[in-house]
Amino acid sequence: MSSLRRRKPINESSDSKHKAEEEDEDHDDVDADGDDDVNGKNKKTPSKIKKKRGEKPPKQPKWSCMDTCCWFIGCICITWWLLLFLYNAMPASFPQYVTEAITGPLPDPPGVKLKKEGLEAKHPVVFVPGIVTGGLELWQGRECAEGLFRKRLWGGTFGEVYKRPLCWVEHMSLDNETGLDPCGIRVRPVSGLVAADYFAPGYFVWAVLIANLARIGYEDKTMYMAAYDWRLSFQNTEVRDQTLSRIKSNIELLVATNGGRKVVVIPHSMGVLYFLHFMKWVEAPAPMGGGGGPDWCSKHIKAVVNIGGPFLGVPKAIAGLFSAEAKDIAVARALAPGFLDNDIFQFQTLQHVMRMSRTWDSTMSMIPRGGNTIWGGLDWSPEEGNSCAKKREKKNETQIADQAGSENAVCKAKSANYGRIISFGKDVAEAPSSDIERIDFRGAIKGHSAANTTCRDVWTEYHDMGFAGIKAVAEYKTYTADSLVDLLHFVAPKMMARGTAHFSYGVADNLDDPKYKHYKYWSNPLETRLPNAPDMEIYSLYGVGLPTERAYVYKLSPHAECSIPFKIDTSADDEDTCLRDGVYSVDGDETVPVLSAGFMCAKGWRGKTRFNPSGIRTYIREYNHLPPANLLEGRGTLSGAHVDIMGNFALIEDVIRIAAGASGEELGGDQVYSKIFNWSENINLQLDEEIPVHSSS
């Protein structure tokens, strides 16, 4: 009997499924290895058989820095376009509605307020823009500027700066020998009110003032923007573009077409100096002048309302010409060391800025004038004892005099030596003058410091000085206003050769000397006379209450062979002497110190002086700076800053009242918050025939 074996049941479905999975895995392995025999059958070698169980998952690609940058830029672009869309879709009244909900009802704009009072347009107005605020457009250029005909190279969006920076620098530069157009390039000022109403989209200059004048009846035929190429020296604007002749003709036309009413001229910033030059040019005989005769200004000008005028120059101009920086640039360099000194797409930023700006002769018009007589020496300055504490209350001259004694007592122990405009080292800036050992730089021997090829195409005049010349500049230790002009002649002889042919920086001993008939003296109020126009008025309107650059602490740059060899020492600080980030500050509008903006109207022209023989009445109107109460308030309504003050409601109201016929006395005379009258009295300047006139406030 045969024995029967009991078999286990076979799960055919599970076995076949498991077998199929094994075959699939083997097939995948073979396909991955690429090993097939000629008959199409799989051939496996032990080294190429992979274990599937427990195998680690494939590594994910790493997130690169480029991916992060692209993602970040994409988010910014999307956010920007979203905000732009919401802004354009928002009702025009929405920002005002939100602001009023937060701060309460807003005051009427000056034009609306004065319209309700019954004021109407009377005297035609002429605007004279300052440096950098006027638009410039391309009329002829090199191959790299293809497609930019009549497009703005300056003002507007500045898009070409980012697209082709070196091409832009080339077209914005002037000829280093003549100070005029380079061969094959023509850049010209934009004409009309749009030339300087906005510097960039949303950043107003003259727009707010123009809009408020329009509310009392002004229009295009009663307003004229005296646009000019602000890069050129003042006389060269006539040589190349006949700009001074155009201003003369347009003023004559405005007077003739408005019933013989004289114009009110409103210059801003460097435009103040430009119009001083114009008033001498228009009365001077041809061919150097306009041939208008000695009474032209008296016949055509009712008032000159100067806003933020650097009558006596600004120390900030020295820092710009000496090291292509000021406080803002110096702080940026400290926050991001090396960024502005490195190549960015082969664009050495500060070196190119220096090479370009040193071809602009207009920058030399703002070098401090009057020497040590005005700005002080090694051991004194008009602002000696200045306190950094801000004062908000309005003061008249008597109150200032009473308070000066107590403030001087506080600051006498440690006071800044503002007369030392440039000092190499904080210890030099603070040391007694008897302890400073100086070696005269004027006779130092210069020499090349490096081969031109090592510095690419950025070749400034510093390379011609050599290390010996650079060292000599530093060893002179400290510079006052008298020695600054010699310093610039030493470090930038080509630039100053052009500059001193068009500008002068001294004080006239005898204004009857025939040499003062030359145009180089016409924009210096200390070397020329005001017109014979006793019925004309001159105003100086400017902001106060903001720290303004007055003197600098410098140090040598560690890489002087290819970079700018001097830089502001941002590590130098001292709150007691108003020293911060290597810059000594005084009261002003962030750009122009009170001394420069106010001295001529406070003392130099006050009454009948040798600079004002006809006794033109002068007035000072200061505006104490207050920042915006909130972000929705916008720029300028209470600002005293150099450009933002153009939107200051109080200033605009004063300007409109003058244009509508008011005199300085009807405005209330002087409005003073600073110590300008005290500081002016500290300046020992000969003013022959001076008749003291006290402040009306």
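Relevant structure appears above.
Residues numbered from 1 in each chain as written. Predicted model: local features only at pLDDT ≥ 70, side-chain atom pairs only at ≥ 80, totals over all residues. Heavy atoms only, no water.

Draft legend 1. Quick look at the state of the cysteines. Under the defined criterion, the tally for this structure stands at 1 disulfide. Sulfur-sulfur distance for the disulfide between C144 and C167 comes to 2.1 Å. As the torsion about the S-S bond is roughly 80°, the C144-C167 disulfide counts as right-handed. Of this pair, C144 sits in the loop between β2 (136-140) and β3 (152-154) while C167 is found in helix α6 (residues 165-172), placing the two residues 23 residues apart along the sequence. Note on C144: relative accessible area 32%, which makes it partly exposed. (Disulfide = S-S within 2.5 Å. Helix = DSSP H or I, 4+ residues; strand = E, 2+ residues; numbered from the N terminus. Buried < 20%, exposed > 50% of the residue type's maximum accessible area, 1.4 Å probe, protein only.)

Draft legend 2. Local environment of the environment of L119. For L119, the location among the structural elements is in the loop between α4 (110-116) and β1 (125-128). According to the relative accessible area criterion, L119 is buried, its value standing at 17%. Not counting residues up to four positions away in its chain, the partners in contact with L119 are L114, I216, R657 and A660. (Contact = heavy atoms within 4.5 Å.)

Draft legend 3. Expanded view of the pattern of salt bridges. Scanning all chains against the criterion turns up 25 salt bridges. When the shortest N-O distance is used, the salt bridge between R442 and D486 registers 3.2 Å. Here the residue R442 occupies a position in the loop between α17 (426-430) and α18 (462-475), and D486 occupies one in helix α19 (residues 481-491), the gap between them amounting to 44 residues. Judged by its relative accessible area of 39%, R442 is partly exposed. (Salt bridge = Lys/Arg side-chain N within 4 Å of Asp/Glu carboxyl O.)

Draft legend 4. Structural context of the packing of aromatic side chains. Scanning the model with the defined rule gives 28 aromatic pairs in all. Measuring from centroid to centroid gives 5.6 Å for F424 and F566, while their planes differ by 70°, and the two rings are edge-to-face. Of this pair, F424 sits in strand β10 (residues 422-424) while F566 sits in strand β14 (residues 566-568), and the two are 142 residues apart along the sequence. The same class applies to F424 as to F566, namely buried. Measuring from centroid to centroid gives 6.5 Å for Y519 and W522, while their planes differ by 70°, and the two rings are edge-to-face. Take Y519 and W522: they sit in the same class, and that class is buried. In this structure an aromatic cluster arises from ring pairing among W154, W168, F199, Y203, W230 and W360. Just above the ring of Y476 sits the side chain of R438; from NZ or CZ to the centre is 4.4 Å. (Phe/Tyr/Trp six-rings, centres within 6.5 Å; stacked < 30°, edge-to-face > 60°. Lys NZ or Arg CZ within 6 Å of the ring centre and 35° of its normal.)

Draft legend 5. How the structure looks around unusual backbone geometry. Cis geometry marks the peptide bond from A286 to P287; its omega dihedral reads 5°. Looking at the element boundaries, P287 is found in the loop between α10 (270-283) and α11 (296-300). Unlike most non-glycine residues, R150 shows phi in positive territory, near 60°. Summarising the element assignment, R150 is placed in the loop between β2 and β3. Even without glycine at this site, Q242 takes up a positive phi of about 55°. Tracing the sequence through the fold places Q242 in the loop between α8 (234-241) and α9 (243-257). On the basis of relative accessibility, which here comes to 36%, the residue Q242 falls in the partly exposed class.

Draft legend 6. Just the packing of α8 against α9, in detail. Across the interface, α8 lies against α9 with an axial gap of 6 Å and an inter-helix angle of 85°. One finds that α8 runs roughly perpendicular with respect to α9. Along its contact with α8, which presents F234, Q235, T237, E238 and D241, the element α9 presents T243, L244, S245 and R246. When the residues that make up the contact of α8 with α9 are grouped by side-chain class, the tally is 2 nonpolar, 4 polar and 3 charged. (Axes fitted to C-alpha atoms, helices over the stretch in contact; angles between N-to-C directions. Parallel < 35°, antiparallel > 145°, perpendicular 65-115°, else oblique. Nonpolar A, V, L, I, M, F, W, Y, C, P; charged D, E, K, R; others polar.)

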